[in-house]
Amino acid sequence: MKMFRKFTVAASALTLMASLAHADSTVRFWYHFDNADNPMDELVAEFEKQNPGITVEAENIPWNSYYDNLYTAIIGGNAPDAAMVKMFAQPRLVEMGALEPIGARIDAWDGKAGLEDNLLNLTKAADGETYYLPVQYVVLYLYYRQDMLDELGLKVPATCDEFRNVAKALTRDTNGDGSPDVYGFGFRGGKGGHDHWASFTLSHEGVSLEEGLTSEAGIAGTQYVVDLFRQDGVFPPSAPNDGFQEILGAFKAGKTAMTIHHIGSANGIVEVLGDKVSAAPVPECGGGRWTSFGDESTAVLSSASDKDAAWKWISFLSSPVNNARFNEATGQLPVVKSDAASWSLHPQRFVKATVDSLPYAHLLPNVSQTSDFVNTAWPVNMQRALTGEITAKEMNEKIAELYAQ
Amino acid sequence: MTDTTVPDAGPIGRPLGRRVLPYAMLSPAVLVTLAIVFFPMVQTAWMSLHDYVLFRPNHFEFVGLDNFRKALADEVFWISLQHTAIWIGITIPAQVLLGLATALLLNQDFPWRPLARALIIIPWALPSVVIALMWVWIYDSNYGLMNDFLLRLGLIEQAVPWLARPDTALGAIILTLTWQGFPFFAVMILAGLQSIPRSYYEAAAIDGASAFRQFWHITLPGISGVLVTAILLRMIWVANSFDVIFVMTGGGPGYSTYTLPLYAFVKSRTNLDFGYGSALAVLFTLLLMVVVLVYLRRTGKAVSR
């Protein structure tokens, strides 16, 4: 009897604990910050103070394996409740049934009117549903060394022809050892460099990843990139393998005079180069301009145990003031108009270059092939074209084949 | 016989218990091995017969040997296979020769010998990722030690982007792995060398044998057992290791440093094509099985001795 009573007490305690656990929700949130100065703990503390009963477990996952981990966690049934997500991953996540539609929640949310125009349209899924809530954005532009252009009496290149001439002039042997030690442009041939190639190729009229890539204009775009490396020698010899760290490192070290990236790297570059560096929209090539819209949103996962709590957390991150604090760490731009208006964390010339580039900003196609394009098809084929293993035409055909599947 | 050696083997159950006991003792190990080795192997083989792309979890279709046919017609499979053969074919002999030379040196009497023996093990003790990052820096075309060294010696006229050129990238990685792996051979061979009695050499010297003949007729037979086992083991490790390549070049430029395990990894982990990735892994396992069987035969013989 005594035993039975003990068992009853223990069972009641367990039931009580379970009901308490139910009342207190936990939101598991995955994000990726490269910056060591991580404000997430403060944001979480602030949110938990405002929302007693909700605990946020925010986990910073390294960027290199972020999507590999996210996809496998979803398949393995251990997905987070909410996560930071990019547009290129949306088709796959939708196909996996991993995302919770949040269109109705956004419509009913006070913060909707405060978001930058058009962001919700840009991040809408192909099926017309809304799964993403924008949290930060960037637009890629051309970084250039103002001091080097001034020294040589050159103007900021506005077209591809001008770009080629300027890049050639900037490629110099300044120490007299017989080989160049400054290169005109730091091209990213490794993963993530598709943005560079796209600015020179997808800008051509009638050319996109899904159409016109094997046309004369499409091939001319890739050939232009290959020629810059192989004929003109305006990229450093390591360009085929260079990734983000290498192109930024070389630019900061004065090994390259121009490169393409976004405002996220501006403060780091200014710290080293000061006023010697400035930025402008990427050049016009083949009748148009194309630059990449670098998006970052948050989403509620369909497997979330408490979707209301997950929504509360992600909408908190895209609300005035919180969004600014979030972006202070990532170095990107806030999606909330009031936060953008009072933005003073980047030198004005880089904010201007971003705003000036917005009209030419594009997203990659919202289809599941885009992940393979970004991760393998583009880097492998670009490297082969740069090293002369395949022609520009063959490279474009490989990418067109992928998108035709 | 049994009854006389076991003093109190009275009850009927005891011999049965004795028969069952070894299996009972071994079964946890067997179960763990089955769960963590054989189950994933069978699962990989099963997945290789399916069209299974991770982001389409509901389209798990049986396609028979289609993935294997696709692999055999895939240009990248053959490129990767060729690189794997070059990778193993150069790395292992280079590690053996360097290891042998080091072991012979370390077997001599000289001051600070224990320190030299300790230092030699460092490359082997460092994690692969650290080694890969270190060598990426050594090969850097702007700041790397390699270019600086060769330029100063006048062997090259301008810096070479070792990892960004298809004709040098694989060689550069092979050199890295050779450096990482030779201490394993050095230590194994050194152990073998120390088991050869000194009297053999003294007798050979009295008979007038040259240093080379002593090496050929005494040293080499003395270390052959250790050497063959170490080579077989290392072949399996080297064939499977792709972490160094992954960190140093990610397989690039183009496909110039793709090996089969790396290709299977890229297909499965990056492209999420688990069906095709599994087929590549199964094909590679079958190829590697030859080496594994030779190794198992050797270890089997050693145990039965």
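What you are looking at is a predicted structure, and each value in this text was computed from that prediction instead of being measured.

## Concerning the sheet that holds strand β7 (residues 277-280) of chain A
All names here are of chain A.
Turning to step 1, where the next piece is worked out: Pairing is antiparallel across the open sheet formed by three strands, whose spatial order is β6-β5-β7. Only two strands of the sheet have a single neighbouring strand rather than two, namely β6 (258-261) and β7. Direction aside, neighbouring strands of the sheet carry axes that sit 30° apart on average.
Turning to step 2, where the next piece is worked out: Strand direction decides the pairing type here: strand β5 (residues 141-145) and β6, joined by four bridges, are antiparallel. Within β6, the position partnered with L142 by the bridge is I260.

## Overview of the state of the cysteines
Here, the word disulfide means a covalent bond between the sulfur atoms of two cysteines.
Residues and elements named next belong to chain A.
Turning to step 1, where the next piece is worked out: As enumerated under the stated definition, the model contains one disulfide over all chains in all.
Turning to step 2, where the next piece is worked out: The disulfide partner of C160 is C285, and the S-S distance across this bridge is 1.8 Å. With the S-S bond torsion at 70°, the cross-link from C160 to C285 turns out right-handed. Of this pair, C160 sits in helix α8 (residues 160-170) while C285 sits in the loop between β7 and β8 (291-300); the two residues are 125 residues apart in sequence, bridging distant segments of the chain. The exposure classification of C160 matches that of C285, with both residues buried.

## Digging into the environment of A:R28
Residue and element names in this part refer to chain A.
Turning to step 1, where the next piece is worked out: Structurally, the position occupied by R28 is in strand β1 (residues 25-31).
Turning to step 2, where the next piece is worked out: Residues R28 and T171, 143 residues apart in the sequence, show an inter-C-alpha distance of 50 Å.
Turning to step 3, where the next piece is worked out: Residue contacts for R28: discarding those within four places in its chain leaves E57, N78, A79, P80, D81 and A82.
Turning to step 4, where the next piece is worked out: A polar atom in the side chain of R28 sits 3.2 Å from the backbone oxygen of A79.

## Comments concerning the interface of chain B and chain A
Turning to step 1, where the next piece is worked out: Taken together, the 26 residues of chain B in the interface contact 27 residues of chain A.
Turning to step 2, where the next piece is worked out: Carbon and sulfur atoms supply 55% of the area that chain B and chain A bury against each other, a total of about 2300 Å² over both sides.
Turning to step 3, where the next piece is worked out: Of all residues in chain B, the largest losses of buried area upon contact with chain A belong to B:F55, B:R269 and B:T270, amounting jointly to 24% of the total for that side.
Turning to step 4, where the next piece is worked out: Applying the counting rule to chain B against chain A returns two salt bridges.
Turning to step 5, where the next piece is worked out: Put simply, the parts of the chain that give the side of chain B that touches chain A at least two residues each are α4 (75-106) and α13 (260-270) of chain B.
Turning to step 6, where the next piece is worked out: Considering every element that reaches the side of chain B that touches chain A, the biggest residue donor is α13(B), with three residues.
Turning to step 7, where the next piece is worked out: Here the side of chain B that touches chain A is composed, by residue class, of 15 nonpolar, eight polar and three charged.

## Let's talk about the confidence of the model for chain A
Turning to step 1, where the next piece is worked out: Across chain A, the average pLDDT comes to 89, with 93% of residues at 70 or higher.
Turning to step 2, where the next piece is worked out: Long-range and interchain partners of residues 14-22 of chain A, a stretch whose pLDDT sits below 50, account for zero contacts in this model, where long-range means more than four residues apart.

## Topic: the packing of helix α7 (residues 128-139) of chain B against helix α9 (residues 166-194) of chain B
Axes are the key here: two packed helices are described by the angle between their axes and the distance separating the axes.
Residue and element names in this part refer to chain B.
Turning to step 1, where the next piece is worked out: The contact between α7 and α9 brings their axes to 11 Å, and the two run at 130°. As far as their axial angle goes, α9 and α7 are oblique. In this structure, the crossing between α7 and α9 has a hand that is right-handed. For the pair α7 and α9, the contacting residues are S128, I131, M134, W135 and Y139 in the first and A172, L175, T176, W179 and Q180 in the second.

## Observations regarding the packing of aromatic side chains
Turning to step 1, where the next piece is worked out: Taken as a whole, this structure holds 43 aromatic pairs over all chains when the rule is applied.
Turning to step 2, where the next piece is worked out: Site record: aromatic cluster; members linked through ring pairs are A:F163, A:F185, A:F187, A:F200, A:Y224, A:F229, A:F235 and A:W378.
Turning to step 3, where the next piece is worked out: Stacked on the ring of A:Y360, the Lys or Arg A:R289 has its end atom at 5.1 Å from the ring centre.
Turning to step 4, where the next piece is worked out: The ring of B:Y276 carries the charged tip of B:K70 above its face, separated from the ring centre by 4.5 Å.

## Observations regarding the nonpolar core
Turning to step 1, where the next piece is worked out: Grouped together as the largest cluster of nonpolar side chains are 84 residues, with contacts concentrated most on A:M40, A:L70, A:L93, A:Y132, A:Y143 and A:W313.
Turning to step 2, where the next piece is worked out: With seven residues, helix α13 (residues 307-317) of chain A is the largest single contributor of residues to this core.
Turning to step 3, where the next piece is worked out: When we break this core down by domain, the ones giving at least three residues each are domain 1 (26-138 + 293-351) and domain 2 (141-292 + 363-404) of chain A.
Turning to step 4, where the next piece is worked out: Formed by 63 residues, the second largest nonpolar core is a distinct cluster that contains B:V160, B:I196, B:L232 and B:M248.

Reading the values: rules and limits
Residues numbered from 1 in each chain as written. Chains lettered and ligands numbered in written order. Predicted model: local features only at pLDDT ≥ 70, side-chain atom pairs only at ≥ 80, totals over all residues. Heavy atoms only, no water. Pairing = 2+ DSSP bridges. Helix = DSSP H or I, 4+ residues; strand = E, 2+ residues; numbered from the N terminus. Axes fitted to C-alpha atoms, helices over the stretch in contact; angles between N-to-C directions. Disulfide = S-S within 2.5 Å. Buried < 20%, exposed > 50% of the residue type's maximum accessible area, 1.4 Å probe, protein only. Contact = heavy atoms within 4.5 Å. Polar contact = N/O pair within 3.5 Å; in protein donor to acceptor, adjacent residues only side chain to side chain. Buried area = accessible area lost by both parts, 1.4 Å probe. Salt bridge = Lys/Arg side-chain N within 4 Å of Asp/Glu carboxyl O. Nonpolar A, V, L, I, M, F, W, Y, C, P; charged D, E, K, R; others polar. pLDDT = per-residue confidence, 0-100. Parallel < 35°, antiparallel > 145°, perpendicular 65-115°, else oblique. Left-handed = near helix turned anticlockwise from the far one by under 90°. Phe/Tyr/Trp six-rings, centres within 6.5 Å; stacked < 30°, edge-to-face > 60°. Lys NZ or Arg CZ within 6 Å of the ring centre and 35° of its normal. Core = buried A, V, L, I, M, F, W, Y, C linked by side-chain atoms within 4.5 Å. Domains from an automatic or database assignment.

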